[in-house]
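Residue-level listing of the chains:
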Amino acid sequence: AALAQNGFDGQETANRLSENFDGRRGYGPGVYSVLCRLRRGVAWNEAGGNLFGGEGSLGNAGAVRVVPLALLYARPEQTALLGRVAALSASITHTHPIGQAGAVLHAFALAQTLR
């Protein structure tokens, strides 16, 4: 979604996740719950917030989604922007700070590798 939109768009990313959701694929229970909430119309920046007693998921699905962001924001002068959009992208399903930090670190590692 990021590359198609020439930038990160939380709603567009959530829409794509929701549209491509197939419960038979073996998603973890947290992501499964968030994707179901997105399909019911919960806002992209609120859908993941109620997981695990309000702490949010700290898993790895947010980190998996940063590959296109790292491609888009790989230039050294975009490092701060990459960190922000990686955290936002992760927050759709993973609102716990550890889940978001993992996504940011993965995005930075990918961008550094591309450089």
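Summarised in this report is the structure supplied together with it. Because the structure is predicted, anything quoted here is derived from the model rather than measured.

## Brief notes about the side chain of serine 89
Next up, step 1: Within the element layout of this structure, serine 89 appears in helix H6 (residues 79-91).
Next up, step 2: On the basis of relative accessibility, which here comes to 2%, the residue serine 89 falls in the buried class.
Next up, step 3: Non-local contacts of serine 89, meaning those with residues more than four positions away in its chain, are made with Phe8, Arg65 and Leu69.

## Observations concerning the packing of helix H2 (residues 10-20) against helix H3 (residues 29-39)
Next up, step 1: At a minimum axis distance of 9 Å, the contact between H2 and H3 shows a crossing angle of 105 degrees. Relative to H3, the element H2 is oriented roughly perpendicular. Only Leu35, Leu38 and Arg39 of H3 make contact with H2, whose side of the interface consists of Ala14, Leu17, Ser18 and Glu19.
Next up, step 2: In terms of residue class, the contact of H2 with H3 is built from four nonpolar, one polar and two charged.

So, how was this worked out
- Residues numbered from 1 in each chain as written.
- Predicted model: local features only at pLDDT ≥ 70, side-chain atom pairs only at ≥ 80, totals over all residues.
- Heavy atoms only, no water.
- Helix = DSSP H or I, 4+ residues; strand = E, 2+ residues; numbered from the N terminus.
- Buried < 20%, exposed > 50% of the residue type's maximum accessible area, 1.4 Å probe, protein only.
- Contact = heavy atoms within 4.5 Å.
- Axes fitted to C-alpha atoms, helices over the stretch in contact; angles between N-to-C directions.
- Parallel < 35°, antiparallel > 145°, perpendicular 65-115°, else oblique.
- Nonpolar A, V, L, I, M, F, W, Y, C, P; charged D, E, K, R; others polar.

Taken by themselves, the reported measurements are silent on function.
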